[in-house]
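Now for the letters of each chain:
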Amino acid sequence: MSDQERNASFIKEKNVQKIYKLIPDSLPDEMKEALKSSVDNFAQENAELEKIEEYVSKINSDDINISYYGLNRCRKLLSNQTLSTESLIEQILQTNIHIKIFDIAKNNSVPLLKYEALWIICNFGCGTQKQIQNILDNDGINILFLALESEFDEIIELGVWALANISGDNVQFRDMLLQKGIIEPLIKLAIRYKTDTSEIFKTIMWAISNLARGKPTTKIYQKELLYILSDIINSIENEELLIDACWGLSYLSEQESQINTLISYGVVDKLTLLLQSEKQIIIIPALRIIGNILTGNETQTDHVLNTGVLSRFEVLLQHKNKAIRREVCWSISNIAAGNATQVKQIIRNESLLKSLFKLLEQDILEIKKEIAFFLSNSAIYADLDDLDHLVMSHEFIKKLSNLLDLSDKTIIQVSLEGILEWIKRVQHDEKFQVYKKLIEDSKIIEKVEQLQNHSSKVIYENAYKIFEILCHDQDIEDI
């Protein structure tokens, strides 16, 4: 089960007073009292695995109370966290009783029975992809859409929950629900329930987040999803809601065409504030959104920098979570691919640079890779004065040379590109003789000579270009 799916055991049992509302007044008094008594009794009793065949057989009964007993007991079994949900689903599917369960959820006039049948369908949505397919094959999607129109919150919540789990299983299911128009009813429900942070509103927002998540990113309803997720981030402080909204937005923000829309919704300031959270489960998706915006144009990058995000980056570079450190390094490398003024904000931030370069010496390969991109981008986009500061005060040349010693092809390629671009820019500079001594001391010439035998065409070609420039300059001097 992915982080986009949730076991139906997470659905909270409602108090009996709320369940009583699902018993129609139109029923005979004797039947209403019998159902209330069953509701009271079953709330206290656990279902028994050994009686599963008995429970299944009772679902088919024409007696409302007996059918309710079978539905409730099967639902209780499926929601038992100590039992294998997928195994229990399979047992139930093999009896073919699911056909009756879907019929009850669609056509039965007693909301109490619909409620239990829908909860069982919710559990089917927590199974394997093949088990979830049974929902699609038995008109389950239309049944769940109808549940969203119910007058009862309890039934609406189950409909939303099941649809959220289905959309979270894979992008094919997600796109199918989007094409069927799931966004419109969910947005209406979100507006209706937004006045509080009830469980049903949290479930609605989780469903909307799932519809935004997954790769490839959805091509439809992007603006609607962007708007409502941004609105939640801007207006809600509930952590659970913020986590779902941030994860959904982290996928949508990968679309470069949507960055301006996202910025226009005023969400960047709040995202920067969220980086102060003590909860890494909030920090990670918030960082990913910020990093995605930083892949945009210079104006979009300025919008992020103007929030003071660099002060947060400095702190987060020392975070114990390596995913957070990597996301920050990726964001910094994106800034370094901007204009000279933007790169300067990194290069002239001494404490930030020290934290960044400390990771280069100590951290994992994936983080070293992001720092390699920062160094290479700086070589291309920074002012020469700022590059000189990197060279003379932060061993820029030595750091790039050391990166050539690693076995990762991407790191070697990126580092060579940085070295090549830097040499092209400074080879006629008055300080080049000083730089050349640092190049010699860092053994770059020997390393690029060896890399001309590398299996990667890009690597050996760049190594050759660097070697040719440096050795040509040396030949002229010798003459």
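Residues numbered from 1 in each chain as written. Predicted model: local features only at pLDDT ≥ 70, side-chain atom pairs only at ≥ 80, totals over all residues. Heavy atoms only, no water.

Looking at an unreviewed UniProt entry, one finds the chain named Importin subunit alpha and attributed to Paramecium pentaurelia. On record in UniProt, under Sequence similarities (unreviewed entry), the comment for the chain is "Belongs to the importin alpha family." (UniProt positions renumbered as here; feature names shortened; annotations may be inferred.)

Topic: the nonpolar core
Of all hydrophobic cores here, the largest spans 165 residues; its most connected members are Phe313, Phe374, Phe396 and Trp422. The element contributing the most residues to this core is helix α7 (residues 111-124), with ten residues. Each residue touching phenylalanine 374, except ones within four places of it in the same chain, is listed here: Ile332, Ser333, Ala336, Ile346, Ile347, Leu353, Leu356 and Phe357. (Core = buried A, V, L, I, M, F, W, Y, C linked by side-chain atoms within 4.5 Å. Buried < 20%, exposed > 50% of the residue type's maximum accessible area, 1.4 Å probe, protein only. Helix = DSSP H or I, 4+ residues; strand = E, 2+ residues; numbered from the N terminus. Contact = heavy atoms within 4.5 Å.)

Some points on unusual backbone geometry
Cis rather than trans, the peptide bond between lysine 215 and proline 216 has omega equal to 0°. By the secondary structure assignment, proline 216 is in the loop between α13 (199-212) and α14 (222-235). The phi torsion at asparagine 96 lies on the positive side, around 65°, for a residue other than glycine. Take asparagine 96: it is sitting in the loop between α5 (85-94) and α6 (97-107).

Notes on empty space enclosed by the protein
The full count for this structure, using the stated rule, is one cavity of 30 Å³ or more. Quantified by volume, the largest cavity comes out at close to 30 Å³. If you go around the largest cavity, the residues you meet are Ile397, Leu400, Ile419, Trp422, Ile423, Ile439 and Ile444. Looking at the lining of the largest cavity, the elements with two or more residues in it are α26 (396-403) and α27 (409-426). (1 Å grid on protein atoms, 1.4 Å probe; cavity = no way out; pocket = protein on both sides within 12 Å on 5 of 7 lines; lining within 4 Å. Points joined across faces, edges and corners; volume = space filled by probe spheres on them.)

Here we look at the packing of aromatic side chains
Enumeration according to the criterion identifies ten aromatic pairs in this entry. Taking the centre distance of 5.4 Å and the plane angle of 55° together, the rings of phenylalanine 42 and tyrosine 69 count as tilted. Taken as a pair, phenylalanine 42 in helix α2 (residues 29-44) and tyrosine 69 in helix α4 (residues 64-78) lie far apart in primary sequence, 27 residues in all. Judged by its relative accessible area of 9%, phenylalanine 42 falls in the buried class. (Phe/Tyr/Trp six-rings, centres within 6.5 Å; stacked < 30°, edge-to-face > 60°.)

A short note on the side chain of threonine 272
With respect to the secondary-structure elements, threonine 272 resides in helix α17 (residues 268-274). Residues contacting threonine 272, with those up to four places away along its chain left out, are Ile290, Thr307, Val309 and Arg312.

What about the environment of leucine 316?
Here leucine 316 is to be found in helix α20 (residues 309-316). For leucine 316 and serine 415, which are 99 residues apart along the polypeptide, the C-alpha to C-alpha distance reads 25 Å. The contacts of leucine 316, once residues within four sequence positions are left out, are Leu275, Ile283, Leu287, Ile324, Arg325 and Val328.

Structural notes on the packing of α13 against helix α15 (residues 239-252)
Each packed pair of helices is defined by two parameters, the angle between the axes and the distance between the axes. Where α13 meets α15, the closest approach of the two axes is 8 Å, and the angle between their N-to-C directions is 15°. In terms of their interaxial angle, α13 and α15 are classed as roughly parallel. Here α13 runs over α15; the crossing is left-handed. Note on element contacts: α15 touches α13 through Glu240, Leu241, Asp244, Trp247, Gly248, Tyr251 and Leu252, opposite Phe201, Lys202, Met205, Trp206, Ser209 and Ala212. Partitioned by chemical class, the residues of the contact of α13 with α15 number eight nonpolar, two polar and three charged. (Axes fitted to C-alpha atoms, helices over the stretch in contact; angles between N-to-C directions. Parallel < 35°, antiparallel > 145°, perpendicular 65-115°, else oblique. Left-handed = near helix turned anticlockwise from the far one by under 90°. Nonpolar A, V, L, I, M, F, W, Y, C, P; charged D, E, K, R; others polar.)

Here we look at the pattern of salt bridges
Here the structure, examined in full by the defined rule, presents 26 salt bridges. In this structure, arginine 174 and aspartate 175 form a salt bridge, with 2.9 Å as the shortest nitrogen-oxygen distance. The partly exposed category is assigned to aspartate 175, whose relative accessible area is 24%. In this structure, the salt-bridge partner of lysine 369 is aspartate 408, at a minimum N-O distance of 3.6 Å. With lysine 369 in helix α24 (residues 365-381) and aspartate 408 in the loop between α26 and α27, this residue pair connects regions lying 39 residues apart in the sequence. Since its relative accessible area comes to 14%, lysine 369 is described here as buried. The buried category is assigned to aspartate 408, whose relative accessible area is 14%. Ionic contacts of the salt-bridge type, sharing partners, join the residues Arg288, Arg326, Glu327 and Glu370 into one network. (Salt bridge = Lys/Arg side-chain N within 4 Å of Asp/Glu carboxyl O.)

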